[in-house]
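# What the coordinates show
Here are the chains, one letter per residue:
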Amino acid sequence: MRAEMQTLADEITQAISLLRRHLDWEKANKRLSELNDAAEDPDLWNDAGKAQALMKERQALESGITSINSLETELNDARDLIELAQMEDDAAVLEEAEESLRTLHSELGKRQVETLLSGEADANDTYFEVHAGAGGTESNDWANMLLRMYVRWAEKNGYKVEIQATTPGDEAGIKSATVLVKGHNAFGWLKTESGVHRLVRISPYDSNARRHTSFSSVWVYPVIDDNIEIDIPDSDIRLDTFRSSGAGGQHVNTTDSAVRITHLPTGIVVTSSEKSQHQNRANAMKALRARLYDMEMKKREEATQAAHDNKTDIGWGHQIRSYVLQPYQLVKDLRTGIESTNPNGVLDGDLNPFMEAALAHQVSGEDKVIEDVE
């Protein structure tokens, strides 16, 4: 095999090995066999919630295993065809086989992502929160830009977006927002966006046109299935009602319909500010259950950061991505090194290259040190 083709084959082999490790290959196949046996139990659907959870897990495992098997089959077929063509000195077949290998290599990124989205809650709907860092109006405006960026990404990728609550800034932008994104793999895609995002630009709020650096944080957590029970005693929560902000005039909310729930043991705060107080309480409790479930997931994964760590220290040394608008145009992910010289496109929702690279980076387990951009 020519050196170029050998390099491509080795890269594909390495990627497949990483995917196997991520899926925990032997454990996944054993679990799929157990789920297949359970699916044949005629009494399974006596408990609809349990049955749906089982079938969902089965589908996710089957999809991941099938994708990896398909990659291996295509790689082996291409290798065998190349060897056969070389033995028979058939240039036409050799070119066809090498082209198959190139195609497989070029499609590998997409196939990897499909396999990577097989985590426990990846297929679920998701919440994401945006919080402005210190810096007043400039940071509030940056938080609002991030909110728009993720809403645009969701719309471009066919997801439904519901803004659950917003806290407006004193002069412009927002201090915080909570958004629900509905659709298959919403959490799987967005989960890598949790962290601090840094903006460098000439501030439109500075009369001296000086360059400013602003920070805002993003936190993503999954909507959990109704059949997953999270016990929250009434004694563990404090419920506050307040008047939600409106557009003014006839739209001003004159009743205390907005709801804020504080989970006392953890300090988690969730809010909802739609028209109905009853609906707001239901939304807030659902969000709280999701937050508590997310914390439990992180414990099981031996995460070292508690949930509130994602909402503190919004500043230097904690950012995952920098968006530089002046003096040059560059967006750089500090975990993967992925860059874009079209920040306007990124801020308009073109985030898939960053998300795909971050997903692959999580699987590789590589600890890359990426220099920041000024």
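Chains are numbered independently. Their residues run from 1 in the order of the written sequence. Reporting of local features is limited, given that this is a predicted model, to residues whose pLDDT is at least 70; pairs of side-chain atoms are given and counted only at 80 or more, and all residues count toward the totals for whole chains, interfaces and linings. With hydrogens and water excluded, all non-hydrogen atoms of the structure serve as input to the side-chain values.

## Quick word on the overall build of the chain
Strands here are runs of E lasting at least two residues and helices are runs of H or I lasting at least four, both read from the DSSP assignment and numbered beginning at the N terminus. Scanning the chain from terminus to terminus reveals 9 helices and 11 strands. Using a 1.4 Å probe on the protein chains alone, a residue whose accessible area is under 20% of its type maximum counts as buried, one over 50% counts as exposed, and one in between counts as partly exposed. Each of the 374 residues in the chain was classed as buried or not, and the buried ones make up 44%. Whether two residues are in contact is decided by their heavy atoms, any of which lying within 4.5 Å being enough. Partitioning the intrachain contacts of the chain with sequence separation of at least 6 by distance along the chain shows that 66% fall at a separation of at least 24. Surface accessibility follows the Shrake-Rupley procedure with a 1.4 Å probe radius. Residue values consider only the protein chains on display as shielding. Carbon and sulfur atoms form 46% of the exposed surface of the chain, whose accessible area is close to 19,300 Å².

## Some remarks on the UniProt feature "coiled-coil region" (unreviewed entry) in the chain
Mapped onto the present numbering, the UniProt feature "coiled-coil region" (unreviewed entry) falls at residues 68-104. Taken end to end, residues 68-104 comprises 95% helix and 0% strand; its first and last C-alpha atoms sit 12 Å apart. UniProt positions are given in the numbering used here, feature names are shortened, and annotations may be inferred rather than shown by experiment.

## Notes on the pairing of strand 5 (residues 211-222)
In terms of burial, strand 5 is largely enclosed, as 9 of its 12 residues are buried. In this sheet, strand 5 lies alongside strand 1 (residues 126-132) in antiparallel orientation, the contact comprising 7 bridges. Across the sheet, residue glutamate 129 finds its bridge partner in strand 5, namely tryptophan 219. The pairing of strand 4 (residues 195-202) with strand 5 spans 8 bridges and is antiparallel. What sits directly across from glycine 195, in strand 5, is valine 218. At least two DSSP bridges between two strands are needed for those strands to be called paired.

## Focus on the packing of aromatic side chains
Put simply, two rings from Phe, Tyr or Trp (the six-membered ring, in Trp's case) pair if the centres are within 6.5 Å, and we call them stacked under 30 degrees between planes, edge-to-face over 60, tilted for the rest. For the structure shown, the criterion picks out 5 aromatic pairs. An aromatic cluster of at least three residues, connected via ring pairs, comprises Tyr127, Trp219 and Tyr221. Remark: a charge is flagged as sitting over a ring if the NZ atom of Lys or the CZ atom of Arg is within 6 Å of the ring centre and within 35 degrees of the ring normal. The ring of tryptophan 25 has arginine 20 lying over it, and the distance from NZ or CZ to the ring centre is 4.3 Å. The cationic tip of arginine 291 hangs over the ring face of tyrosine 221; the distance from NZ or CZ to the ring centre is 5.1 Å.

## Some remarks on the sheet that holds strand 10 (residues 330-333)
Across the sheet, which stays open at both edges, the 8 strands sit in the order 2-3-1-5-4-9-10-11 with mixed pairing between neighbours. Of all strands in the sheet, those bounded by a partner on one side alone are strand 2 (160-168) and strand 11 (339-340). Axis lines are fitted to C-alpha atoms, over the contacting stretch for helices. Their N-to-C directions set the angle, which ranges from 0 to 180 degrees. Where helix 5 (residues 137-156) meets the sheet, it contacts strand 1, strand 2, strand 3 (174-182), strand 4, strand 5 and strand 9 (319-324), and its direction lies at approximately 45° from that of strand 5.

## Overview of the sheet that holds strand 7 (residues 258-263)
A sheet is described by the order of its strands in space; here 3 strands give the open sequence 6-7-8, paired in antiparallel fashion. In the strand order of this sheet, the two ends are held by strand 6 (237-242) and strand 8 (268-272), each with one partner. Each adjacent strand pair in this sheet contributes to an overall mean axis angle of 15°, direction not counted. When strand 7 meets strand 8, the two strands line up antiparallel, connected through 5 bridges. Bridge pairing in strand 8 places arginine 260 opposite threonine 271.

## Topic: the pattern of salt bridges
Where charged atoms of side chains with opposite charge meet at close range, the side chains can pair. One side-chain nitrogen of Lys or Arg within 4 Å of one carboxyl oxygen of Asp or Glu is enough to make a salt bridge. On inspection of all chains with the given rule, the structure shows 25 salt bridges. Across the pair arginine 20 and glutamate 72 runs a salt bridge, and its minimum N-O distance is 2.9 Å. Separated by 52 residues along the polypeptide, arginine 20 in helix 1 (residues 3-23) and glutamate 72 in helix 3 (residues 48-88) bring together distant segments of the chain. Classification of arginine 20 by relative accessible area gives partly exposed; the value is 26%. For glutamate 72, a relative accessible area of 21% corresponds to the partly exposed category.

## Observations concerning unusual backbone geometry
Peptide bonds are trans in most cases, and residues, glycine excluded, mostly fall at negative phi. Of note, the amide linkage connecting glutamine 326 to proline 327 takes the cis form, showing an omega dihedral of 10°. Relative to the assigned elements, proline 327 resides in the loop between strand 9 and strand 10. Positive phi values are uncommon outside glycine, yet aspartate 24 reaches one of about 60°. Tracing the backbone through its elements, the reader meets aspartate 24 in the loop between helix 1 and helix 2 (25-39).

## Describing the nonpolar core
Generally speaking, nonpolar side chains in soluble globular proteins are found buried as a group. Buried Ala, Val, Leu, Ile, Met, Phe, Trp, Tyr and Cys residues form a nonpolar core when they are joined through side-chain atoms within 4.5 Å. With 65 residues, the main nonpolar core has Leu101, Phe128 and Tyr323 as its most contacted residues. Counting residues per element, this core draws most heavily on helix 3, at 10 residues. Core analysis: the second largest hydrophobic core is formed by 18 residues, Tyr127, Tyr221, Val270 and Leu288 among them.

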